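Fold and geometry: a report
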Amino acid sequence: MLFRSGVREAGDELMGKERMAPLRVAPPKDRVTVQFQPFTGLPVNAADSIYRKIRAAAAENGVELVHRLEEPATYRVKAHFVALGNETSTQVIATWSVFDAEGRPVHRFVAQDTAQAGDGDAWAGVGGEAQDRLAMSGLRGISAWLHGSRR
């Protein structure tokens, strides 16, 4: 029953029980690195814009990125976005899930932002400034965890 399997997997993700495949190659032991997996739930152009902002601001926020998916990283981050539009605005909710090299979930947080109303498409109202805010809230959340309560 494919439907039941999909529901169970979605429930595992929502409950923080989702796992990723372990890395085949160990990450570097002398530094902490972070790799962002492809974002889900949003248009490709918005995902690209958010990732470009994260990439540009990572170093100044104390986050060393690994850019290629095949390179090992200490932590891998999955982000899922949902846009909920109405007549006056769009609410964007982003769930940021952090996994260790073994694929275990080690941290999760949710951020949200308000953007302009889209014209029949909630994502149409989520322009550059809102994308920048979403990127920075995710990056700052990860940075705070890396440099604070992670230990």
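Anything mentioned here points back to the structure above.
Not measured: the values here are computed from a predicted model.

To continue, consider the pairing of strand 4 (residues 89–100). Across the 12 residues that make up strand 4, a large majority, 9, are buried. One ladder, built from 11 bridges, connects strand 3 (residues 75–85) with strand 4; its direction is antiparallel. Looking across to strand 4, one finds that Lys78 is bridged to Ser97. When strand 4 meets strand 5 (residues 105–116), the two strands line up antiparallel, connected through 11 bridges. From the neighbouring strand, Val92 faces strand 5, where its bridge partner is Asp113.

Another point: the packing of helix 2 (residues 44–57) against helix 3 (residues 128–147). Following both chains from N to C, one finds helix 2 and helix 3 inclined at 50 degrees, their axes separated by 8 Å at the closest point. In terms of their interaxial angle, helix 2 and helix 3 are classed as oblique. At the point where helix 2 passes helix 3, the crossing takes the right-handed sense. The segment helix 2 lies against helix 3, with Ala46, Ser49, Ile50, Lys53, Ile54 and Ala57 engaging Gln131, Asp132, Leu134, Ala135, Met136 and Leu139. Considered class by class, the residues forming the contact of helix 2 with helix 3 number 8 nonpolar, 2 polar and 2 charged.

Cut-offs and rules
- Residues numbered from 1 in each chain as written.
- Predicted model: local features only at pLDDT ≥ 70, side-chain atom pairs only at ≥ 80, totals over all residues.
- Heavy atoms only, no water.
- Buried < 20%, exposed > 50% of the residue type's maximum accessible area, 1.4 Å probe, protein only.
- Helix = DSSP H or I, 4+ residues; strand = E, 2+ residues; numbered from the N terminus.
- Pairing = 2+ DSSP bridges.
- Axes fitted to C-alpha atoms, helices over the stretch in contact; angles between N-to-C directions.
- Parallel < 35°, antiparallel > 145°, perpendicular 65-115°, else oblique.
- Left-handed = near helix turned anticlockwise from the far one by under 90°.
- Contact = heavy atoms within 4.5 Å.
- Nonpolar A, V, L, I, M, F, W, Y, C, P; charged D, E, K, R; others polar.

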